[in-house]
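Summary of the model geometry
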Amino acid sequence: MWGRRRADIARAVLLLLVVGTVVYHGAKFYMDSLQLDTRHEVREVETENTEEEPQPVIADNAEKKEQLKPQVDIPPDPPKCGIQPPCSKDQFAFAISSGQAQRVGPRICFDGKDLVSDDTHNAGRGMNIVVIDGQSKEVLKKDSTMVFTDDAELIKFLQNRKEGQLVLVASYDDAAYKLTEESRELLSALGSQHIAGLKFRDSWAFLGYKGSHGPAPKEEVHHHVDRQDEWPQQAEIRGCAPLPTGAAVPEEQPGGAGAAVPEQQPGGAGAAVPEQQPGGAPEDSCATYTPHCDAGAPVYLFAGDKTKNHWPEICINGQYVIRGGKIGWRGLNVVVIDGRTFQVTQAKNFDTYEKGSSELEDLIWKMDETSLMLIATYDEASRSLSSYARSLLTDLGSSKVKNLGFRDSWVFIGQKGIVGVSPHEKHEKGGGQFGGAVEIKACLAGKLTGQKQEGVDSNVNRPRREFCETYNQAGEYGDFCSEENQKESLLPAPLGDQLDLRGHAVFATPIVVIARTALNLVQQTLESLRLQPGINPKMVQVMSDGSFDEPHKLANLYGFQWQSLQPTTKYVYQMHHAMARVFETFKDSKYAIFIDEGFRARPGFLRYFGQTLSLLDQDDSVFSVSAWNHNGFEGLSQDPSLVYRTEDFPATGWVVRRSVWESE
């Protein structure tokens, strides 16, 4: 029974195996048939595509190699001026940073190119300026302006900017010490909001535009702390700015001219005459404005009218010799002509606002009695015009130059050897503003006939009297302003019989007098210097806070030079500024002598330094030579002819080498 049952189970299992095998192969056959159909369809599609878009035939091996060459990723161009993301096509990239201390130079990058940087080696102390044409993006001007010593060139540079120009500025070291109100106004007109308050050693970066169709100004400033050993951080501006949309186009003039006609000056002279005068006259012709002369030379002099931007002009024989942009500038504009031929022998501008009048004095000295001098002022001409120069101009026949004041307008024609005063002179007071337009039209003779000056007491030193009337209200100046002494001139003492000192270096060494508050003591110091045998007035530099006019007027009375110092309440800073100023002014001087107010020099003061200057050259360990001994009283000093070496520094009446200043 059990055996039969096992045989039935074995048959059933075998049957199941057979049926499973049949089902498996049937299913596999069915699936393979489906896959063959799918592959056939794919092949048909591929054949159709091949027929519609035949593959290109590679013509030669070079083309095969090029197509088979592995593709290399080309790195993108670096971002312009480091600006990321890149600027759009209608913008330019810029990065401007000031210098930091005296170690890191400034940088000006425009549209991807470094125009000023440590690598380009063209940065300088002061203002580093780049001018870009807003339409072409062409670099028009790249300049490092030494504003630390003088900003006259900066003013001229800024006044010559034209509509549509971008101005990029980066400061380095110091850019504000010598900035005047005028240069600050010109920078403000370019869009600067911080220039009015820029101070000594501030860091400043600026992007401005001349006109009204350009980008908005960009600017950053970091102020210098009130300690000399600390510097502000770098000022930096960077980014993208829109390109100018176009410079303003002047309205077309009648007759088709495209340039605006300048406003006419009194007498018909133009402030900025275009290249072609009406009627086809050449650029230098001014025959329209000069008188008709039957004898002599026709001349026209015009003192520039600063309030209307009218430049100074001097015209001789129908031709401009001086005009705006052609020699004429701030201060005194001077032409010298030969009175026999009326030919021009000299034409020059003297910036007697900033640079003094020593060159003018030399020019007058070299004139002979056949020469005539024509002068027209512009802007401000009195600030650094010395009393000595005024005296020389008075000798040429001027009756008004002694009273030339701040921003006055003045025109004058003079000649050496004239008896009386010149018939050709006009003067208008500025009154705190700019003086108005004054002019001279004349037929000039080769020899001037002087006129008598009415109501003048020749025994009165008028500038000295005016000084005393203004500043001696409480009698501070004592005998200096007595009625009798006011008549005396203040001429320097001659060298006399000290022939061994003739041509000595001591007379070419600048002497700095630092004037603080006790100006009656300053006057005594200046008087003691005036009496030094052989003193050179041009080498005496009176330095004081420029906020006060009295020290300047006092220096002028003696024919000494005056320079403004940055206002400060700390004497050590004032001394530091004075030392920097004198060695910058006298670039060839090996030494400088420093005197404090109240120091009264004995007559042998300069002779003493004449004997001791050589010690500074013989021994580098000698820091200074002083003319003062704290213990030099009778009974204490046994031998007044001895010079002592000491570690004590009296700091009164002392001389120092330039090399010590530069290294220490």
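Residues numbered from 1 in each chain as written. Predicted model: local features only at pLDDT ≥ 70, side-chain atom pairs only at ≥ 80, totals over all residues. Heavy atoms only, no water.

- Taking an unreviewed UniProt entry as the reference, the chain is identified by name as Alpha-1,3-mannosyl-glycoprotein 2-beta-N-acetylglucosaminyltransferase belonging to Branchiostoma floridae.
- If you open the UniProt record of the chain and go to Pathway (unreviewed entry), you find "Protein modification; protein glycosylation."
- Comment text from UniProt for the chain, heading Function (unreviewed entry), reads "Initiates complex N-linked carbohydrate formation. Essential for the conversion of high-mannose to hybrid and complex N-glycans." (UniProt positions renumbered as here; feature names shortened; annotations may be inferred.)

Some words on the overall build of the chain
- Helix and strand content of the chain: 12 helices and 25 strands.
- Looking at the chain residue by residue over its 664 residues, the buried ones come to 44%.
- Contacts in the chain between residues far apart in sequence, at least 24 positions, make up 65% of those at least 6 positions apart.
- In the form shown here, the chain has an accessible surface area of approximately 36000 Å², with 52% of it arising from carbon and sulfur atoms. (Helix = DSSP H or I, 4+ residues; strand = E, 2+ residues; numbered from the N terminus. Buried < 20%, exposed > 50% of the residue type's maximum accessible area, 1.4 Å probe, protein only. Contact = heavy atoms within 4.5 Å. Areas by Shrake-Rupley, 256 points an atom, 1.4 Å probe, with all protein chains shown as cover.)

Some remarks on unusual backbone geometry
- Following Gln84, the chain continues to Pro85 via a peptide bond in cis, the omega torsion being 0°.
- Tracing the chain through its elements places Pro85 in the loop between helix 2 (61-68) and strand 1 (91-97).
- One non-glycine residue, Asp173, adopts positive backbone phi at about 65°.
- The residue Asp173 is located in the loop between strand 6 (165-172) and helix 4 (181-189) in this model.
- Residue Arg201 is not a glycine yet carries a positive backbone phi of 65°.
- Within the secondary structure, Arg201 is located in the loop between helix 4 and strand 7 (203-210).
- Exposure remark for Arg201: the relative accessible area of 13% places this residue in the buried category.

Points about the pattern of salt bridges
- Applying the stated criterion across every chain yields a total of 21 salt bridges.
- Measuring nitrogen to oxygen at the nearest pair gives 3.5 Å for the salt bridge that ties Asp408 to Lys429. Here Lys429 lies in the loop between strand 18 (425-428) and strand 19 (438-444) and Asp408 lies in the loop between helix 6 (387-395) and strand 17 (409-415), a separation of 21 residues in the sequence.
- The structure contains a network of salt bridges with shared partners spanning Lys80, Asp111 and Lys137. (Salt bridge = Lys/Arg side-chain N within 4 Å of Asp/Glu carboxyl O.)

A look at the confidence of the model for the chain
- Confidence in the prediction for the chain averages 79 pLDDT; 78% of positions are at 70 or higher.
- Element-level mean pLDDT values for the chain span from 54 in helix 2 up to 96 in strand 17.
- Per-residue pLDDT stays below 50 along residues 36-53; that stretch engages in zero contacts with residues further than four places along the chain or on separate chains.
- In this model residues 247-283 is a low-confidence stretch, pLDDT under 50, and it forms 58 contacts with partners more than four residues away in sequence or in other chains. (pLDDT = per-residue confidence, 0-100.)

Observations regarding the nonpolar core
- Counting 39 residues, the largest nonpolar core has Phe480, Leu529, Leu554 and Phe605 as the members making the most contacts within it.
- For this core, the elements supplying multiple residues, two or more each, are helix 7 (462-471), strand 20 (511-514), helix 8 (519-530), strand 21 (540-545), helix 9 (550-557), strand 23 (591-596) and helix 11 (605-618).
- Setting aside chain neighbours within four positions, we find Phe605 in contact with Leu529, Gln532, Ile593, Ile595, Phe599 and Ala627. (Core = buried A, V, L, I, M, F, W, Y, C linked by side-chain atoms within 4.5 Å.)

A word on the state of the cysteines
- Tallying each qualifying case throughout the model produces four disulfides.
- The residue that forms a disulfide with Cys87 is Cys240, at a sulfur-sulfur distance of 1.9 Å. Note on the Cys87 and Cys240 pair: the S-S dihedral is about -85°, so by sign convention the disulfide is left-handed. Remark: Cys240 occurs in strand 9 (residues 236-242) and Cys87 occurs in the loop between helix 2 and strand 1; sequence separation between them is 153 residues.
- Since its relative accessible area comes to 28%, Cys240 is described here as partly exposed. (Disulfide = S-S within 2.5 Å.)

Things to note about the packing of helix 8 against helix 9
- Axis separation between helix 8 and helix 9 bottoms out at 11 Å; the angle between their running directions is 20°. When the axes of helix 8 and helix 9 are compared, the pair comes out roughly parallel. Of the two possible hands of crossing, helix 8 and helix 9 adopt the one that is right-handed. For the pair helix 8 and helix 9, contact is made by Leu519, Val522, Gln523 and Leu526 and by Glu550, Pro551, Leu554 and Ala555, respectively. (Axes fitted to C-alpha atoms, helices over the stretch in contact; angles between N-to-C directions. Parallel < 35°, antiparallel > 145°, perpendicular 65-115°, else oblique. Left-handed = near helix turned anticlockwise from the far one by under 90°.)

Some words on helix 10 (residues 571-585)
- In this model, helix 10 (15 residues) spans 21 Å end to end at C-alpha, consistent with the 21 Å of a helix rising 1.5 Å per residue.
- Of the residues making up helix 10, those classed as buried are Tyr573, Gln574, Met575, His577, Ala578, Met579, Ala580, Arg581, Val582 and Phe583.
- Residues of helix 10 that are buried make contact with strand 20, strand 21, strand 22 (561-565), strand 23, strand 25 (654-657) and helix 12 (658-663). (Expected span 1.5 Å × (residues − 1).)

Description of the packing of aromatic side chains
- Tallying each qualifying case throughout the model produces 17 aromatic pairs.
- When the centroid spacing of 6.5 Å and the interplanar angle of 85° are considered together, the rings of Phe467 and Phe480 count as edge-to-face. Placement of the pair is Phe467 in helix 7 and Phe480 in the loop between helix 7 and strand 20, with a sequence separation of 13 residues.
- Its relative accessible area of 3% is what places Phe467 among the buried residues.
- Through successive ring pairs, a cluster of aromatic residues spans Phe467, Tyr471, Tyr477, Phe480, Tyr558 and Phe560.
- The positively charged end of Arg383 is found above the aromatic ring belonging to Tyr353, 4.7 Å away from the centroid.
- The ring centre of Phe480 lies 4.3 Å from the NZ or CZ of Arg464, which sits over that ring. (Phe/Tyr/Trp six-rings, centres within 6.5 Å; stacked < 30°, edge-to-face > 60°. Lys NZ or Arg CZ within 6 Å of the ring centre and 35° of its normal.)

Some points on the pairing of strand 9
- Here strand 9 shows one buried face, formed by Ile237, Gly239 and Ala241, and one open face, formed by Glu236, Arg238, Cys240 and Pro242.
- By the bridge criterion, seven bridges tie strand 1 to strand 9 in an arrangement that is antiparallel. Looking at strand 9, one finds that Ser97 is bridged to Glu236. (Pairing = 2+ DSSP bridges.)

Examining the sheet that holds strand 18
- If you trace the five strands from one edge of the open sheet to the other, you get 15-14-16-17-18, paired in antiparallel fashion. Among the strands making up the open sheet, the edge pair consists of strand 15 (344-350) and strand 18. The average undirected angle you get between the axes of adjacent strands in this sheet is 15°.
- Sheet analysis places strand 16 (residues 371-378) next to strand 17, joined by five bridges and oriented antiparallel. Pairing of Leu372 across the sheet is with Gln415, part of strand 17.

Notes on the environment of Val625
- Structurally, Val625 is set in strand 24 (residues 624-626).
- Owing to a relative accessible area of 6%, Val625 belongs among the buried residues under this scheme.
- Linking Val625 and Val656, residues 31 residues apart in sequence, is a C-alpha distance of 7.0 Å.
- Ignoring sequence-local partners within four residues, the contact set of Val625 consists of Tyr608, Phe609, Thr612, Leu616, Gly653, Trp654 and Val655.

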